[in-house]
Every structure is written in C-alpha cells, then in structure tokens.
Amino acid sequence: MSTSTNEGKQPDVTLTINGLAVKANEGMTLVEAAWHAGVPRVTSVGCMEGVCGSCRVMLRRGKEVTVDLACQTFVENDIEVVFLPPASAPRHHYEIDDFKDGWDIHARFHDIFPEASRCRHCHGCDNACPKGITVENGVALADAGRYREAGEAFFECIMCELCDVACPELIAPAHVGLFSRRITAHFHLRPPNLIHRLEELRQERQGATLKESDEE
Amino acid sequence: MSNGIPLAEALARYRPDAELGALPELTDADTLLNAHHPDHLRGSVVKLVVGANAGENCQRELANLLQSEAFIDEADLAGTPVTDIDVLVIGGGGAGCAAALMAAEKGARVLLATKLRLGDSNTVMAEGGIQAAIEPDDSVQRHIQDTLRGGHHAGDPALVSAMAGDGPEVLRWLIRQGMQFEQTPSGDLHTRRAGGMSTARLVHCRDYTGLEMMRVLREAVIQHRSIEVWEQSPAVELLSNETGQKCVGAVLTSLLDGQLRIVRTRSVILATGGLGRLHLNGFPTSNHLGATGDGLVLAYRIGARLRELDSFQYHPTGLLHPTHLAGKLVTEGVRAAGALLVNGVGHRFIDELLPRDIVCSAILRECAEGRGIRIDDQRVGVWLDTPRLERANPGLLEKQFPNLMTRTRVSGIDPRIEPLLVHPTLHYQNGGAVIDANGATTVPGLYAVGEVAGGIHGRNRIMGNALLEIISFGRRAGIAATANRDRGPKKVTLEHVNRLRRALTLADMPLTRRAPQVLPDYAAGGVWNR
Ligand SMILES: Cc1cc2nc3c(=O)[nH]c(=O)nc-3n(C[C@H](O)[C@H](O)[C@H](O)COP(=O)(O)OP(=O)(O)OC[C@H]3O[C@@H](n4cnc5c(N)ncnc54)[C@H](O)[C@@H]3O)c2cc1C
Ligand code: SF4
Ligand code: SF4
Ligand code: FES
C-alpha cells in the first residue's frame, strides 16, 4: 500500500481543463483538479467512483485524442481535458411492455436497431469504452440473436454512451447492450423461489377476501 | 486523534493467517452507541425553532438549512416561463424513476426534473442488494420484525409492513422492466444474509445491484412516451396555493444557463434522495455529488412534518485510502461473505454482522482508544481483512465483487493481498418527510419517496431495505399522485416562503442564509450562483 498523501504539497502538475490552464497535485483525479482550480460548469459529475457514467471527458496528449471518465483518470503534465456535454436523447425507441412474445424479439430488434447489422468492425466503440467492454462483439452477438451472451458482455456498462458517440454507423451500442440485458430478464428470468412466494401471497389475499365475504 | 498504530508497523505485523483471538462479548450496545456514535457527539443536535417540527431535535448543520431563507421571491416569478403537467417528479434516482413510470402507466403526463444527469444518484452506487422475503424459511412477517428491530423500534409499523409486503411484487416488477439478478444453479434468485437479517433475504446482481437497477429504470424512463425528462434542472423552491396550504408546483433552475422555470401541476413527488454531501459532523461520505438534502429543505419550508432529523447512518466500512476514494464504500456484502474487521493490534473486536450503528461505533471506539491504524494525524482506521477471505475462498473476491476489484485496481491496490483500511462514512439519512402508505406528506399535493422520506428505517436502516423502499413507495406514490384528479392550480404563489420568513423574523433568526444547497461548495465552481 502506498502511503503518499497529497495534503500540504505544492501543486506540481500543470494541465488544461476546458481551455483553462490549471495546476494540480499529483494523484488527483481530473474531477478533483477541476474543482480544486475552480473551473466553472463542471457539473457532469456524480459518483466519483466510475459507476454513473456522467464525467465524460475528451483527452488530448500531443496528437493522441481519447475519451475517458474524469473521476477515473489522474492528472498528467500537459494533458488537455475537455468535459463533454451530456449525451443527446436516444434515437431508438421501444417500450418493453409492447413485446408480447419472445419469438418475434429478433425481428423487433432489427426494426428498432436497423443499423446494428451494418457494423463495419472499426473498433471505435471498443476503443472508446472506459470499462474495457467488448462492445463490438456485443453488438455482433445481439445482431445474431444471442441476447443473453450480448447482455453479459455489457455487464459492467455504466451508461456513459461514449461508444454511441464513437460509432460511425449510429448503431447506439450502449442501447443495444441494454436492450439485450432487459429482454433476457423480461422473457427468461423466472425464479421458482420468487414465483412460489408470489403465489402464496396471492392465495393469502384470496383467502382474506373470501373470509371477509363470509363474515358479511 | 493522533494515537493509533502507525500504518507501516501495522502492515508489517499483518498476516492473513494470524490468530485473531476470541471475539470480546458485547455486553451493552446502548453504552457503546452513546459513547461513540456520531449522532451522540456533543453539540451535534439542536432544537428547531420554527416550522412544523419546532421544539424537536435536529442535527445542527441540517437545522441551519431547514431554518433558512429561499432563493426565490415573487419578483423572480414574473415573466418566468410556465409548464403545465399532470405529475411533476423531482429527482432522477430509483425512487423518482419508479414513480414516473407508474404515474405514466396510470395515464398521467409526467415531467421528471433532475439536478444532474438522469440516473446520477445514490441508487446507481448501491452495491449490496435489495431485500425481499422470498426464501421458504422466510416470511413477510419476519422481514417486518427485522426491519423494526434494526431501526430500534422507531419505525412506523404501517409503512414497514406496506414495504415488506410489496417485496416479492417489487422484484417481479423490476424483472418485468428488464432487471437481472444473480441466480442459483437451479434458477432461484440467489439470496445472502447481511447485517440485521434473521435469515437470507438479500437479492443482488453481483455487487452492481444499484447500477443494474438504475440503468434499466433510466432506459425505461427515457423510452417512455408519456415521460419528459429535464436534466441539469434542480428544483430550488416549491409553489403553493394562495393560502400556502397546498403544493401546486415547483420552480426549477438550469445548471447550464441559469434560466428559471415554473412548473404547475396537480401533484409533486419529491424523490431527491439523501444528504451525505452536507458532510455532517465533518465526516466523509459515500454519497453521490447531488445528495445535499434539498428535498428536506423544500418540504420543510412548505410546511411538511419531518422525522428522525437527528439520526443518520454512518456506514462502518468507508475506504480511508487512497485519498480520491476517501469515504467510498466497501459494500457490506464483503462482510456478509465472511470478511472480518481487525484492529491495529491484530484482534477482532465486534461481530461484523451486527447492525451498522453498532459496528460503526465499535470501529470509532477502537480508533479513539488507540487500537486503530494511523496514516497521519487526521486519518485512523481499522483493517477489513479481505486477504483472509480470499485465502478461505480463493477467487471469491474477483467473482462476486468485480466492482470493488475494478475500483481498487485503478488505484493500484489489490485487496486479495493487502487488507483494506476502513473508517465509518456518512451514508444514509434514516429519517425524512413524514409520509403515509401512499407516500403522501402532511401537505396536500406533495408526495415524498425514497431516501428523502422517513418512518421506515426508524433510527437505523438495515442493508437492502433502501432499494426496496424506493421502488415500493415510488410505485405507490406514482399511482396515488395520478389518482389525484384535482382541477389543478388556479394560482401559484410563494405564500409558504413568506410564512416561514415571518416565523424566522419573529424568532429573531438570521435571514442571511439561503437554501437548498444544490451543490457542495467545493463543486460549485461558479455555475450555481446564489
Ligand atoms: C454507495 C452506496 C451504496 C448503497 N448500497 C445499498 C444497498 O446495497 N442496498 C440498499 O438497499 N441501499 C443501498 N444504499 C442506499 C440506497 O442506494 C439509497 O438510499 C437509494 O438508492 C436512494 O434512492 P432515491 O431514489 O431516494 O435517491 P437517489 O438515488 O439519490 O436519487 C435522488 C435524485 O434526486 C436528484 N436531486 C437531488 N436534489 C435535487 C433537486 N433539488 N432538484 C432535482 N433533483 C434533485 C439527485 O441528483 C438524484 O438524481 C446505498 C447508498 C450508497 C450511497
Ligand atoms: S459499453 Fe458504451 S455506454 Fe457502456 S460503459 Fe462502455 S462506452 Fe460506456
Ligand atoms: S463503433 Fe459502431 S461500426 Fe464501429 S465496431 Fe463499434 S458498433 Fe461497429
Ligand atoms: S463521476 Fe460517476 S463515473 Fe465518474
């Protein structure tokens, strides 16, 4: 365990955040650095532990440009950081209660996400994903109707939608992933212990209503 | 607090296979709580002077916010754009989303306004799981008993039985929305037993239960035709009718451009979550950035009764190190899976699965009495013995706690090899707005659900009941708010603001402080200009 602490140290890292030159202490995350320096309008922050997907940043190191999560990235000298605006509203629409039958899910999927079949395997999504998810493969699995496996690939997805931004075909991989996960639960998760308890409670309620009408 | 065993010395002495000695018996839990729980810190509780709870106890820093001036006055309302809607939900965590979905399902046009991003919440960070009595040896009755006992019998039995009775149905509803849970090989939902439970009742999705819940509900809300979502739009005041007796809307601002907006509605559902980011008593917190207690301030100003304002949950195992994760949780699931707490002299000192307030007090006692492990003058903690757990169950940490492993990996720590240094962290607001079984507050037209509401957890919450509460009461309030077929407001006013200002003046209280807080000072960075 390293025991180094930042308290009392002189700021010794210089970088730019949203175009402003700032100084930070080594070991600070980009979120901490932005606040420390009073950079205005940094409100796309939430959990500060990499699970809410809010703190999306674009990073420029020399010529190399990448995206990441500000709360999971530590300050470096000369790095340029831009906090990204909130993601725009999704373009694919469905309501899960509209699906009546598991058999036609695959057809529905292709209606809702027609672009998913046009993946050009550019790895843009994989490179963008801060969680190391095999997004491209997840999309391919969903496109092949393998929703359970596709959903599993997206298990650590934190809805940052950086993959959506990266995708040249506008496939919206993050939403393909969530669709796959939701469909799997909605149609296939039928746990006996829960179902049995629900039935017991139903019978109890029925018994109670019967008894009430007896007493009347 | 400069006593304690220096970190290097404690680390050198640490062995995952060391004898831990006998667990000392806990003879008197009340004395331990009184001596060491932060709620009992001297000077941390005051009496409220104005409002519906005047004369009652309240945590000092919270009392300052409850008894403060609004940001908005009548002049601000002139010329402000107005939106009319059936149901306004304030807060985009689990409770708000459940309420919005249910209201929409019942036919209401819903506006969901949230301070940050939709889903940026305490809900998304919940790791451990959600309680529901589904195992054969369990019952709704036992769930009720455990909840009331865990809350030191301060909870409202009617609310507790409503919630516990909803448990199995809540799971079914979540599955219908598309939420996955961990299963046993035979397909049952996997359950764990955690602190304060008399049997296994904690259902989970590995250690990402809140994330799985939030991303599914977020998607369902975004996709829903009858729900409009406004992000970066915190509520800064409620609106009342001419007599100030009824809630008829809210004033929202925008974190992006500062524009005020009036929303007129028949029902307002407050789902603003907790207040960890107020850092009560100077503690670190496990909460997300938006948890600044705004809902309590708004509800109190419009006249709603609140309860248990002097009772907060400090989670026993917040990380002490590294700095940028300070206050962040190691889920109780790790203790439920068998990880022990060990002090700086290498002894166990408390049954790890006792209720959180007791475990937390025991850790603070170890630290205060010199048996903690010290990083520097400010930071003292105890070990959470994860390497021992890994030795007993190789692979368990990686398999069941991927979230913990990912977070520590980023910081270069491996909990399979090094024990984690932990210290209590401000985690949960036990009390909140007084509600009935529909989530209705004491003010007509105003509902409160989730962490902002009170009465279920008494003076201490047991793990897994918050996630159940937010869905159970979120759904109930969504239905009830839609059933409210009032004509809607004729006039929206700030009569309640004037009323509280008069009371403050009469009581000779300062009018300089304004609330709600909206963002912690260190994050305000010039956006949120008061
Ligand atoms: C780290 C962590 C782990 C946890 N683990 C568990 C667990 O395992 N099991 C369990 O049962 N519980 C757990 N809890 C507790 C539980 O997660 C929360 O109590 C619960 O999710 C609260 O839900 P909510 O919808 O009421 O509030 P939140 O989920 O916090 O949502 C509140 C929303 O309101 C918004 N908001 C706040 N103020 C305003 C305003 N003025 N205007 C508009 N919007 C506003 C916020 O930005 C946020 O989006 C945990 C909590 C934390 C922090
Ligand atoms: S899959 Fe997409 S939305 Fe999910 S974490 Fe990766 S980049 Fe973000
Ligand atoms: S970014 Fe889009 S097109 Fe490229 S690999 Fe990913 S899904 Fe396919
Ligand atoms: S703040 Fe939540 S992921 Fe960074």
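Residues numbered from 1 in each chain as written. Chains lettered and ligands numbered in written order. Predicted model: local features only at pLDDT ≥ 70, side-chain atom pairs only at ≥ 80, totals over all residues. Heavy atoms only, no water.

### Here's the deal with unusual backbone geometry
- With an omega dihedral of -5°, the bond running from B:His321 to B:Pro322 counts as a cis peptide bond.
- Mapped onto the elements, B:Pro322 comes out in the loop between strand E14 (312-319) and helix H10 (332-336).
- The residue after B:Ala515, namely B:Pro516, is reached through a cis peptide bond having omega 10°.
- Relative to the elements of secondary structure, B:Pro516 occurs in the loop between helix H16 (495-506) and helix H17 (521-524).
- Unusually for a residue other than glycine, A:Glu161 sits at a positive phi of about 65°.
- Tracing the sequence through the fold places A:Glu161 in the loop between helix H5 (147-153) and helix H6 (162-166).
- By relative accessible area, A:Glu161 is classed as buried at 7%. (Helix = DSSP H or I, 4+ residues; strand = E, 2+ residues; numbered from the N terminus. Buried < 20%, exposed > 50% of the residue type's maximum accessible area, 1.4 Å probe, protein only.)

### As for the packing of aromatic side chains
- Tallied over the entire structure, the rule returns 13 aromatic pairs over all chains.
- A centroid spacing of 6.0 Å and a plane angle of 70° characterise the contact between A:Phe99 and A:Phe179, whose relative ring orientation is edge-to-face. Here the residue A:Phe99 occupies a position in the loop between strand E5 (80-83) and helix H2 (105-112), and A:Phe179 occupies one in helix H7 (residues 173-188), the gap between them amounting to 80 residues.
- Joined through ring pairs, the aromatic side chains of A:Tyr94, A:Phe99, A:Phe109, A:Phe113, A:Tyr147 and A:Phe179 make up one cluster.
- Across the ring face of A:Phe155, the terminal group of B:Arg206 is positioned such that the distance to the ring centre comes to 3.7 Å.
- In this structure, B:Arg476 is placed above the aromatic ring of B:Phe473, and the distance from its NZ or CZ to the ring centre is 5.8 Å. (Phe/Tyr/Trp six-rings, centres within 6.5 Å; stacked < 30°, edge-to-face > 60°. Lys NZ or Arg CZ within 6 Å of the ring centre and 35° of its normal.)

### Let's talk about the domain arrangement of chain A
Residue and element names in this part refer to chain A.
- For chain A, the domain assignment lists domain 1 (2-83) and domain 2 (96-211).
- For domain 1 versus domain 2, the separation of C-alpha centres amounts to 33 Å.
- The interface of domain 1 with domain 2 comprises eight residues on the first partner and nine residues on the second.
- Summed over both partners, the interface of domain 1 with domain 2 buries about 680 Å², with 63% contributed by carbon and sulfur atoms.
- Its largest share of buried area at the contact with domain 2, domain 1 owes to Arg56, Val67 and Leu69, together 56% of the area lost on that side.
- Here domain 1 is connected to domain 2 by zero salt bridges.
- The dominant element in the side of domain 1 that touches domain 2, judged by the number of residues it contributes, is strand E4 (residues 64-69), at three residues. (Domains from an automatic or database assignment. Contact = heavy atoms within 4.5 Å. Buried area = accessible area lost by both parts, 1.4 Å probe. Salt bridge = Lys/Arg side-chain N within 4 Å of Asp/Glu carboxyl O.)

### Considering the packing of helix H2 (residues 29-36) of chain B against helix H11 (residues 356-368) of chain B
Residue and element names in this part refer to chain B.
- With their axes 9 Å apart at the nearest point, H2 and H11 run at an angle of 60° to one another. It follows from the interaxial angle that H2 and H11 lie oblique. In this structure, H2 meets H11 at a crossing whose hand is left-handed. On H11, the residues that touch Ala29, Leu32, Leu33 and His36 of H2 are Asp357, Ile358, Ser361, Ala362, Leu364, Arg365 and Ala368.
- Residue composition of the contact of H2 with H11, by class: seven nonpolar, two polar and two charged. (Axes fitted to C-alpha atoms, helices over the stretch in contact; angles between N-to-C directions. Parallel < 35°, antiparallel > 145°, perpendicular 65-115°, else oblique. Left-handed = near helix turned anticlockwise from the far one by under 90°. Nonpolar A, V, L, I, M, F, W, Y, C, P; charged D, E, K, R; others polar.)

### Some points on the pairing of strand E17 (residues 380-385) of chain B
Residues and elements named next belong to chain B.
- Judged by how many residues are buried, E17 sits mostly within the fold: six of six residues are covered.
- One ladder, built from three bridges, connects strand E15 (residues 340-342) with E17; its direction is antiparallel. Pairing of Leu340 across the sheet is with Asp385, part of E17.
- For strand E16 (residues 373-374) and E17, the ladder comprises two bridges, and the chain directions are antiparallel. Bridge pairing in E17 links Ile373 to Gly381. (Pairing = 2+ DSSP bridges.)

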